[in-house]
Amino acid sequence: MADVARMPGVLEQLKLVAELRWRILKNGLRHKNSRWDLVGMVWVGIFSALMTVGLCFAFYLGAYEFLLKNRTAWLVLLYWAIFLWWQVFPIFVAGFGSNFEFAKLLRFPLSLQAFYLLGLGYGLSDFGAISSICWILSMIAGAASARVDVVPAMLVLSVLFVLVNVTLERLAGSWLEKLLAKRRTRELFLGLFVLSMVSLNFLNPALQKWGRGSTSRILQIIPYVGWLPGSLAGNAVAAAARANQHGVLLGIAGLLAWAGVSSGLLWRRFAAQYSGEEISDSPAPAVAKKRDKKQFFAEERPGFLSPQVTAVAKKEFRYLTRNGFAFLALVLPPIMVVFFSFQFGPGSALKEHAVKPALFFPGIMAYLILILLSPAYNSFAYEGKGIQTYFMAPVPFRVVLLGKNLFLASLVAFELALSLSILTWRIGWPGTPLFAATVAAGMFAVAGQLAIANWSSLSFPKKMEIGKMKGQRNSGVAVWTAFGVQIVLGGICALVLFAGQWTGNPWLPPMVFAGLTAAALGGYVSSLEAMNRLAEAKKELLIETLSR
Amino acid sequence: MSEIAIATQKLTRQFGALTAVDAIDLRVQAGQFFGFLGPNGAGKSTTIKMLTGLLAPTSGRMELLGLDFQAHPVEVKRQIGVVPEGMGLFERLTGIEYLRFVGRMYGLDRATTEKRTEELLEFMQLADREKTLVADYSHGMQKKLALAAAVIYGPRILFLDEPFEGVDALAAGALKTLLGRMAERGVTIFLTSHVLEIVERLCSHVAIIHQGRLVAQGSMEELRAGVGESEGEKKTLEQIFLSIVGQSGAEQSRLEELTWLT
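Residues numbered from 1 in each chain as written. Chains lettered and ligands numbered in written order. Predicted model: local features only at pLDDT ≥ 70, side-chain atom pairs only at ≥ 80, totals over all residues. Heavy atoms only, no water.

A.B. asks: Quick rundown of the overall build of chain A? Include the residues and the values.
C.D. replies: Counting its regular elements, chain A contains 20 helices and zero strands. Out of the 548 residues in chain A, the part that is buried amounts to 42%. Across chain A, contacts joining residues at least 24 apart in sequence account for 81% of those joining residues at least 6 apart. Of the roughly 29,300 Å² of accessible surface on chain A, a fraction of 70% belongs to carbon and sulfur atoms. (Helix = DSSP H or I, 4+ residues; strand = E, 2+ residues; numbered from the N terminus. Buried < 20%, exposed > 50% of the residue type's maximum accessible area, 1.4 Å probe, protein only. Contact = heavy atoms within 4.5 Å. Areas by Shrake-Rupley, 256 points an atom, 1.4 Å probe, with all protein chains shown as cover.)

Okay, here's the thing in structure tokens:
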């Protein structure tokens, strides 16, 4: 019979897991595939440290000033700031990558108590928690400098405040982990996150319009949040400063109640995980669906595109509709057109500095093309192992490129038409020559970029995963190529548009752009055969990079 | 004499200093059920990748159905079906969408694509999951879908890299029957598997690759004769494989070191 080892104690297990986390962090650095990733990490580290230390001074000074000048009611704000940071920051970073899954530890023979303690330990080792604890310590130091008599109560309240925060954060984190384990929820979360970030752009116009009186409304709300941890801790410290023992005890009791409830709920969550709760995607129940037989024997409709090109374009459409982030990238430009027209158009808050329609139309067109064509420089990013299907199929690779390019060009055309309609509604008709010049410039810019974008996609592929944000970017060379091409094409477009103004001939730009578009299309078509050869030469690179 | 389906001459593939496949000469007759065996890292998948156009050879020639692959890649690809190592599926399509896509890419008309898609989904027991994303399929379901995609256009040669891995016993049984019938109809099946019992049961001919070199090739009887079968004892493919690859002794001595376990 095989030997059976003795079980390690809880402390030994905690030590082992701490060591494991350290090794995962250290080994993670080994896999940084470029120097720039490492440089990025160092920068983030430096920035985070500077931010934490800088705010330590702010919290120190805040506590010191408020206690010294007897403005103790303001202490609530400091605790609220820490509470919000501690609870919200981990939620923001949760969707951005695949951190070590805490629940994976359950494969080892841990007791529920050890699992719970490990969970709390994880919570305390996050950046949000470490920085928050540093700020709480700074506040205690500030209090010690200003009013040493407050320190004992503050120490007790701070310990409770930390306990409440760490259990609440782990509770929220555990629920979030359960939600984000499902692909669809993860993508929805990402979409909501991006939308919330974009909506921040509208804060300024909204505040300009409806901002008056909002401060008083916020002040009216404050008394109703007095039972929340930030207020409880802040008010109790303020009570200690006024030697109000009753207030201090009330704060302690409130925080104890919070700690008790959140610890109990967290224990229940961990117990559910401990007993083998399945949180990842599981196959949907099998439901046999009867299909409409008629669709299987539909007539072959003749089209001007080959079935293979159509198949690729269709596949691109389906991928787009299932890629929340890419889909948002398409929804956003028209929204941004509305935003720009509010912010800089005639009738905006800027009024006298409003941008003229003569600049607005081509400017927005350039912006849209910049955004919409960026993915074309790494157009195989989401193929994954499916890239092998393209190489196994009995079609020259130019067919695949053509299908992808036609789909993108149609999409850009639709987006531009929509955005130009919005602009005409918001800004007014810019005149037929300028409108024609804008459209022709757009066609030239798209046709001119696709050939180079294909070269970039084949030469510098970078795998991306749908539903993730961390590390989801094109390769450095592809980014610089896109940047360079767009600057050159933008420069040519600007030159042609200004030439129309200088010569006083408003029809000159549309005519020049029509010629340039024809030349760019010719260049694109003749590039396809070269791209076909390049795809064959880069086949292994593409398969290896995307199937990884 | 029957047609040669696959023929390679000094087919070689190097990755830097490593020679993954070293000048192999394979000959597979049309309609053969051919097993291609070897230990992990022997060069099986690299060979299949070269034979299916996913990897360019460093040197050597390969002809499929009498056509030089490098000179006529599209014509060759039209006649071969592949289940590659990683299955090569588009994970963000549903099962039905993927089969339709493959059918159209191989030039089937819409009606034929639809009919065959429906029939294959039924056969592979995927009909009730046809609208589920491939990403949400289990490993076995993905394997069945990859197999369906490999046969939808009726290939003349089928390359299968570990086709039964992760497939349940019911589906595996149906697949073996299907493959057997395809072979009877003249389709050449080139299969790799680590499950030697399956290979022994299905394949009429076998080749063994070890450290990039082809160390044996022939019918089961020829292989048995090659390893010196004793009278009255019929060696299994596993015994033949171990005696050719020569690992059994080393395995035994390694096992003896694990006294705490054994």
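This is not the end of the story, as more comes after the structure.
A.B. asks: Please give an account of the overall build of chain B that cites residues and values.
C.D. replies: For chain B, the count of helices and strands is 10 helices and 11 strands. Taken over the C-alpha trace, chain B has a radius of gyration of 19 Å; the compact-globule value for 262 residues is 18 Å, and the two agree within 12%. Along the first, second and third principal axes, the C-alpha set of chain B runs to 55 × 50 × 40 Å. A burial count over chain B gives 54% of its 262 residues as buried. Accessible area for chain B stands at about 11,200 Å²; split by element, carbon and sulfur atoms hold 50% of it. Of note, chain B has its 28 positive side-chain charges centred 6 Å away from the centre of its 33 negative side-chain charges. (Rg over C-alpha atoms; globule rule 2.2 N^0.38 Å. Lys, Arg positive; Asp, Glu negative; His and termini not counted. Charge placed at Lys NZ, Arg CZ, Asp CG, Glu CD.)

A.B. asks: A description of helix α19 (residues 508–537) of chain A should follow, citing residues and the corresponding values.
C.D. replies: Along an α-helix, a turn takes 3.6 residues, which lines up residues three or four apart on a common side. Residues and elements named next belong to chain A. Here α19 is 30 residues long and its end C-alpha atoms lie 43 Å apart, about the 44 Å a rise of 1.5 Å per residue gives. The sharpest bend along α19 measures roughly 35° and falls at L528. Residues of α19 that are buried make contact with α15 (387–392), α16 (397–426), α17 (432–459), α18 (476–503) and α20 (539–547). (Expected span 1.5 Å × (residues − 1). Bend = angle between axes of the 7 residues up to and from the residue.)

A.B. asks: Describe unusual backbone geometry, naming the residues involved and giving the relevant values.
C.D. replies: Residues and elements named next belong to chain B. In the Ramachandran plot, E162 falls in the positive-phi region, its phi being about 50° despite a non-glycine side chain. Along the chain, E162 falls in the loop between β8 (157–161) and α6 (169–184). The class of E162 is buried, set by a relative accessible area of 14%. Even without being glycine, Q211 reaches a positive phi, approximately 50°.

A.B. asks: An account of the pattern of salt bridges is requested, with residue identities and associated values reported.
C.D. replies: What the rule picks out here adds up to 22 salt bridges over all chains. E529 of chain A serves as the salt-bridge partner of R398 of chain A, at 2.7 Å between the closest nitrogen and oxygen. In this pair, R398 of chain A is assigned in helix α16 and E529 of chain A in helix α19, connecting sequence segments 131 residues apart. On the accessibility criterion, R398 of chain A (31% relative accessible area) is partly exposed. Using a relative accessible area of 35% as the deciding quantity, one classes E529 of chain A as partly exposed. For the salt bridge of K143 of chain B with E165 of chain B, the shortest nitrogen-to-oxygen distance reads 3.6 Å. With K143 of chain B in helix α5 (residues 139–151) and E165 of chain B in the loop between β8 and α6, this residue pair connects regions lying 22 residues apart in the sequence. One network of salt bridges, in which partners are shared, links K315, E316, E383 and K404 of chain A. (Salt bridge = Lys/Arg side-chain N within 4 Å of Asp/Glu carboxyl O.)

A.B. asks: Mind laying out the interface of chain A and chain B, listing which residues take part and the relevant values?
C.D. replies: Contacts between the two partners involve 46 residues from chain A and, on the opposite side, 43 residues from chain B. Taking both partners together, chain A and chain B bury about 4,300 Å²; carbon and sulfur atoms supply 55% of that area. Linking chain A with chain B are three salt bridges. Summed over the shared surface of chain A and chain B, the number is 14 residue pairs in polar contact (both at pLDDT 80 or more). Counting only elements with at least two residues in the side of chain A that touches chain B, the list comes to α7 (183–199), α12 (307–321), α15 and α20 of chain A. Residue contributions to the side of chain A that touches chain B peak at eight residues, all from α12 of chain A. For the side of chain A that touches chain B, a count of residues per class yields 26 nonpolar, five polar and 15 charged. (Buried area = accessible area lost by both parts, 1.4 Å probe. Polar contact = N/O pair within 3.5 Å; in protein donor to acceptor, adjacent residues only side chain to side chain. Nonpolar A, V, L, I, M, F, W, Y, C, P; charged D, E, K, R; others polar.)

A.B. asks: Give a detailed account of the environment of V151 of chain A, specifying residues and quantitative values.
C.D. replies: Residues and elements named next belong to chain A. Mapping V151 onto the fold places it in helix α6 (residues 151–180). Residue V151 is classed as buried on the basis of its relative accessible area, which comes to 14%. A C-alpha to C-alpha distance of 69 Å links V151 and L497, two positions 346 residues apart in sequence. Discounting residues that sit within four places of it in the chain, V151 has contacts with I140, A143 and A144.

A.B. asks: Before we move on, could you go through the nonpolar core and cite the residues and values that matter?
C.D. replies: Most often, soluble globular proteins have nonpolar side chains that are buried together. If you look at the biggest cluster of nonpolar residues, it comprises 153 residues, and the most contacted ones within it are M105, F159, I189 and F190 of chain B. If you tally residues by element for this core, the top one is α16 of chain A, at 12 residues. Look past the residues within four positions of I189 of chain B in its chain and what remains in contact with it is Q32, F33, F34, L158, L160, L179, M182 and A183 of chain B. Counting 56 residues, the second-largest nonpolar core is a separate cluster that includes A63, L110, L118 and L228 of chain A. (Core = buried A, V, L, I, M, F, W, Y, C linked by side-chain atoms within 4.5 Å.)

A.B. asks: Can you lay out the confidence of the model for chain B for me, pointing to particular residues and giving the numbers?
C.D. replies: The share of residues in chain B with pLDDT of 70 or more is 95%, and the mean pLDDT across the chain is 88. This prediction of the complex comes with two scores: 0.71 for pTM and 0.81 for ipTM. (pLDDT = per-residue confidence, 0-100.)

A.B. asks: Give a description of the pairing of strand β10 (residues 205–210) of chain B that names residues and reports values.
C.D. replies: All names here are of chain B. Among the six residues of β10, five are classified as buried, and the element is accordingly described as predominantly covered. Across four bridges, strand β4 (residues 33–37) lies against β10 in parallel orientation. Paired with G35 across the strands is V206, a residue of β10. For β10 and strand β11 (residues 213–219), the ladder comprises six bridges, and the chain directions are antiparallel. Within β11, the residue paired with I208 across the bridge is A216. (Pairing = 2+ DSSP bridges.)

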